[in-house]
Amino acid sequence: MAVSPVEVSHLVKRYGDFTAVRDISFQVEEGEIFGILGPNGSGKTTTVESLQGLRGIDGGEVRVLGFDPSTQAAELRRHIGSQLQESALPDRVKVWEALDLFGSISEAGPSWQRLLDEWGLGEKKDARFGSLSGGQQQRLFVALALVNDPEVVFLDEMTTGLDPASRRVAWELIRRIRERGTTVVLVTHFMEEAETLCDRLIVVSGGTVVAEGTPSALIDRHGGGVKVKFTLDGEDTAWLSTVPHVTGWDRERNRYEVRGEGPVLTYVASALLDHGMAPSDLRQERATLEDVFLALTSEDGGSP
Amino acid sequence: MTLLLKMTWLELKLFLREPLTVLFALVLPLIILFVMGGVFGNEAQADIYRGVGAMNYYVPAYVALVAASVGLISLPTHMASNRELGVLKRYRASSIPAWVVVGGQIAVTFVISMVSALILISVALPVYDVPGPDSIPLVVAGFALVALAFSALGVLLGAVLPSSRAAQALGVMLWFVMLMVGGAGPPPEVLTGAMGTVGDLTPLFHAVRALQDGWLSLDPGLSWPVVAGITLASATAAVMFFRWE
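Because the structure is predicted, anything quoted here is derived from the model rather than measured.

Here the focus is the confidence of the model for chain A. In the predicted model, chain A carries a mean pLDDT of 89, and 97% of its residues have values of at least 70. Low confidence marks residues 300-304 of chain A, where pLDDT is under 50. Its contacts with residues over four positions away, or in another chain, come to six contacts.

Structure follows, in structure tokens:
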């Protein structure tokens with residue numbers, strides 16, 4: 001059986017008296033986009049920086065590609081790519097110069113000329129870093145992260161500070177990294193980003209993992225169920241309570257709201273047809289990851 | 001090794017893209033030379049300038065001075081700025097070793113100081129009729145040691161100072177104080193009392209003496225070992241205090 005590229009168990013990290021990471025455990029599987037989600041100050045960045053050997057740890061065990069980041073950082077970093085929060089390049093460095101420098105670190109990896117084209121920076125080859133837009137800087141950072149053909153890439157708040165259009169472009173980039181066969185660990189506080197991109201994720205709050213799973217499993221588990229809504233004129237609908245997966249319903253004049261869980265929409269639709277009814281506006285309202293996130297990370301957090 | 005060469009070349013280009021830094025490193029020494037030359041000429045007087053002509057005295061002194069300006073001002077400012085911006089963190093995450101980061105800075109300091117010194121010498125020798133060095137190997141060795149000493153001091157400053165502003169302020173201050181009392185400004189003989197004592201303690205004072213040893217065969221005293229000691233102590237401290245972020 002293949003070993004998981006990233007294994008973290010009971011990670012603890014303190015800064016003086018402040019415990020940034022209390023107890024975080026998770027595993028990342030090969031080839032997935034794994035999300036670490038959490039509010040500011042929840043320990044996300046500390047966690048990924050520990051995984052790269054940029055921070056010493058105070059407890060627990062971490063393995064990345066089989067390496068221990070606290071003792072084998074140099075070796076590990078040859079196999080991983082990194083996009084860091086709060087890191088930049090000198091303003092006056094040109095795009096090609098940065099790629100050339102980082103490209104000469106390792107023998108492996110694609111030529112920087114190829115990365116330049118692949119990440120749409122060909123026209124900006126001679127542009128100085130300081131003159132690039134936020135989106136272009138991010139693309140350069142992604143290209144730099146891939147310059148050694150890494151097996152795992154860590155992206156920390158990559159889309160923070162980007163406008164919505166650039167953010168969508170960045171998401172496309174992240175998918176493309178995965179298509180290369182690279183495992184992606186994505187730190188974010190944008191729910192939409194996590195919901196769109198991540199195969200699995202953990203929600204971190206106060207230095208601990210408060211939830212783990214696929215985005216849709218988390219929504220099912222913590223999203224407070226599903227609402228099915230439709231409009232129907234004055235029929236007897238008492239049978240709604242007997243439809244499987246329905247937990248309750250209300251009507252206000254001709255507008256119905258049926259509460260339930262899981263595949264309730266399909267069952268309600270089928271039952272409606274059985275009763276010869278076909279409302280044209282049948283729809284489902286599902287909680288988003290954002291609702292889940294807010295529920296999990298609010299003061300009383302944790303309970304669904 | 002390729003990486004170090006690439007880093008050095010890149011840092012050199014970055015240096016040259018900062019017009020003010022270039023002006024400071026390459027043009028300011030010439031201005032000082034012309035001012036001092038205009039004021040003092042090059043007539044030897046027994047009681048000042050160690051008994052040699054002012055320009056004969058100043059040319060080796062200014063070779064030390066340019067190394068000090070690049071090493072104490074440009075280097076730490078750039079290094080602290082790289083830390084502030086997260087460039088060093090970025091390097092570290094991509095496994096660029098510290099010795100490459102620091103090595104690139106030292107190499108740039110060497111190259112820029114050397115170019116600046118050569119410009120200075122090639123102007124001063126014909127204009128003020130200054131004789132060439134008595135011993136070229138000794139001057140080359142002196143320059144290498146002096147440039148290394150100021151690089152090491154600069155790396156130390158770059159390592160301990162929190163921001164590029166702080167590095168620049170302190171660097172300029174140190175450089176200016178040394179220029180005034182360290183033997184590259186007023187003749188050392190006129191600096192008496194506390195000024196003279198402080199001046200004798202500055203690294204520049206000893207750097208100047210080491211270079212004047214090779215150039216003018218003037219007694220270096222303990223300057224060679226002192227400069228070597230400064231290099232060693234600064235380098236050790238720099239290794240201890242080097243921080244990526």
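From this point, the narrative continues.
Further remarks concern the nonpolar core. L89(A), W119(A), L140(A), L289(A), Y91(B) and I96(B) are the most contacted members of the largest nonpolar core, which totals 71 residues. In contact with L140(A), not counting residues within four places along its chain, are L89(A), V95(A), L99(A), L121(A), F129(A) and L132(A). V130(B), L153(B), A184(B) and L218(B) belong to the second-largest nonpolar core, a separate cluster that totals 50 residues.

Time to look at the layout of surface pockets. The calculated volume of the largest pocket comes to roughly 710 Å³. Residue lining of the largest pocket: 29 residues in total, with E18(B), T21(B), S74(B), T77(B) and H78(B) positioned closest to the centre. Per-element accounting of the lining of the largest pocket gives the leading share, eight residues, to helix α3 (residues 54-84) of chain B. By residue class, the composition of the lining of the largest pocket is 15 nonpolar, ten polar and four charged. Space inside the second largest pocket adds up to approximately 300 Å³. If you go around the second largest pocket, you meet 17 residues; those closest to its centre are G41(A), K44(A), T45(A), T46(A) and Q85(A). Elements represented by at least two residues in the lining of the second largest pocket include exactly β2 (18-28) and α1 (44-51) of chain A. Sort the elements by how many residues they give to the lining of the second largest pocket and α1(A) lands first, with four residues.

Each packed pair of helices is defined by two parameters, the angle between the axes and the distance between the axes. All names here are of chain B. Following both chains from N to C, one finds helix α2 (residues 19-40) and α3 inclined at 155°, their axes separated by 10 Å at the closest point. Compared by their axis directions, α2 and α3 come out roughly antiparallel. As α2 runs across α3, the sense of the crossing is right-handed. Counting all contacts with α2, which are made through T21, F24, A25, P29, I32, L33, M36, G37 and F40, the residues of α3 involved are A54, M55, Y58, V59, Y62, L65, V66, S69, V70, I73 and S74. Class assignment of the residues belonging to the contact of α2 with α3 gives a composition of 16 nonpolar, four polar and no charged.

Here we take up the packing of aromatic side chains. Tallied over the full model, the rule gives 14 aromatic pairs over all chains. Taking the centre distance of 5.2 Å and the plane angle of 55° together, the rings of F24(B) and W175(B) count as tilted. Of this pair, F24(B) sits in helix α2 while W175(B) sits in helix α7 (residues 164-181), placing them 151 residues apart in sequence. Judged by its relative accessible area of 25%, F24(B) is partly exposed. A network of ring pairs unites the aromatic residues F40(B), Y49(B), Y57(B), Y58(B) and Y62(B) as a single cluster. Sitting over the face of the ring of F190(A), R167(A) holds its NZ or CZ atom 3.9 Å from the ring centroid. Sitting over the face of the ring of W119(A), R176(A) holds its NZ or CZ atom 4.6 Å from the ring centroid.

All names here are of chain A. Judged by how many residues are buried, strand β6 (residues 152-156) sits mostly within the fold: five of five residues are covered. Of the two faces of β6, the one holding V152, F154 and D156 and the one holding V153 and L155 are both buried throughout. Taken together, the four bridges between strand β5 (residues 80-83) and β6 define a ladder with parallel strand orientation. Note on β6: the bridge partner recorded for G81 is V153. The sheet contact formed by β6 and strand β7 (residues 183-188) spans five bridges and is parallel. Paired with F154 across the bridge in β7 is V185.

What counts and what doesn't
Residues numbered from 1 in each chain as written. Chains lettered and ligands numbered in written order. Predicted model: local features only at pLDDT ≥ 70, side-chain atom pairs only at ≥ 80, totals over all residues. Heavy atoms only, no water. pLDDT = per-residue confidence, 0-100. Contact = heavy atoms within 4.5 Å. Core = buried A, V, L, I, M, F, W, Y, C linked by side-chain atoms within 4.5 Å. Buried < 20%, exposed > 50% of the residue type's maximum accessible area, 1.4 Å probe, protein only. 1 Å grid on protein atoms, 1.4 Å probe; cavity = no way out; pocket = protein on both sides within 12 Å on 5 of 7 lines; lining within 4 Å. Points joined across faces, edges and corners; volume = space filled by probe spheres on them. Helix = DSSP H or I, 4+ residues; strand = E, 2+ residues; numbered from the N terminus. Nonpolar A, V, L, I, M, F, W, Y, C, P; charged D, E, K, R; others polar. Axes fitted to C-alpha atoms, helices over the stretch in contact; angles between N-to-C directions. Parallel < 35°, antiparallel > 145°, perpendicular 65-115°, else oblique. Left-handed = near helix turned anticlockwise from the far one by under 90°. Phe/Tyr/Trp six-rings, centres within 6.5 Å; stacked < 30°, edge-to-face > 60°. Lys NZ or Arg CZ within 6 Å of the ring centre and 35° of its normal. Pairing = 2+ DSSP bridges.

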